[in-house]
Amino acid sequence: GVPLLGVVPELSYLSKPTLAELEKALDGDLLAGHRCRSLHYGVENSFLVTTGLRRFLRRAFEQRSPSEWRRPLFVTHVTRDDLLLGYLAQHQRLMTAQGGAVDGPRDWA
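Residues numbered from 1 in each chain as written. Predicted model: local features only at pLDDT ≥ 70, side-chain atom pairs only at ≥ 80, totals over all residues. Heavy atoms only, no water.

Draft legend 1. Local environment of the nonpolar core. One finds Val-49, Phe-56, Leu-57, Ala-60, Phe-61 and Leu-83 forming the largest nonpolar core, which totals six residues. The element contributing the most residues to this core is helix α2 (residues 53-60), with three residues. (Core = buried A, V, L, I, M, F, W, Y, C linked by side-chain atoms within 4.5 Å. Buried < 20%, exposed > 50% of the residue type's maximum accessible area, 1.4 Å probe, protein only. Helix = DSSP H or I, 4+ residues; strand = E, 2+ residues; numbered from the N terminus.)

Draft legend 2. Structural context of the pattern of salt bridges. Under the counting rule described, the total for this entry stands at three salt bridges. One salt bridge in this structure joins Glu-44 and Lys-16, with 3.1 Å as the shortest N-O distance. On the criterion of sequence distance, the pair formed by Glu-44 in the loop between α1 (19-25) and β1 (46-48) and Lys-16 in the segment before α1 is long-range, its members being 28 residues apart. With relative accessibility at 45%, the residue Glu-44 sits in the partly exposed group. Given the relative accessible area of 24%, Lys-16 is considered partly exposed. For the salt bridge of Glu-23 with Arg-37, the shortest nitrogen-to-oxygen distance reads 2.9 Å. (Salt bridge = Lys/Arg side-chain N within 4 Å of Asp/Glu carboxyl O.)

Draft legend 3. Just the packing of α2 against helix α3 (residues 81-97), in detail. With their axes 10 Å apart at the nearest point, α2 and α3 run at an angle of 45° to one another. The orientation of α2 relative to α3 falls into the category oblique. Pair α2 / α3 crosses with right-handed handedness. Only Asp-82, Leu-83, Gly-86, Tyr-87 and Gln-90 of α3 make contact with α2, whose side of the interface consists of Leu-53, Phe-56, Leu-57 and Ala-60. Classifying every residue of the contact of α2 with α3 gives six nonpolar, two polar and one charged. (Axes fitted to C-alpha atoms, helices over the stretch in contact; angles between N-to-C directions. Parallel < 35°, antiparallel > 145°, perpendicular 65-115°, else oblique. Left-handed = near helix turned anticlockwise from the far one by under 90°. Contact = heavy atoms within 4.5 Å. Nonpolar A, V, L, I, M, F, W, Y, C, P; charged D, E, K, R; others polar.)

Draft legend 4. Examining α2 more closely. Among the residues of α2, Phe-56, Leu-57 and Ala-60 are the ones counted as buried. For α2, the buried positions fall inside an angular range of 95° around the axis, keeping them on one side. Among the exposed residues of α2, those pointing more than 90 degrees away from its buried face are Arg-54, Arg-55 and Arg-58. Close packing links the buried residues of α2 with β2 (73-75) and α3. (Arc of directions from axis to C-beta.)

Laid out in structure tokens, this is it:
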């Protein structure tokens, strides 16, 4: 017989880094969402933002059906405070329009 050293399951999320791993690899600091550090992010949900504010907001808040909803991860340079402030302002406008409530994934970018 052949000695068995161990078994690694073939699970899709094992090839996707966690938010904590991305933070370490990019030598960055997470500004918010610390409780989400263990979530896995694949290529299909990660976006490097190099565009202007309007294009970024259009993409970040585009309407998706609930079945297509995903947790996007937006990565940008630290000097792009216009994107952060613009995103927060748009989110606040949407929250105000909804009476301050978020009902589910369709309400988030």
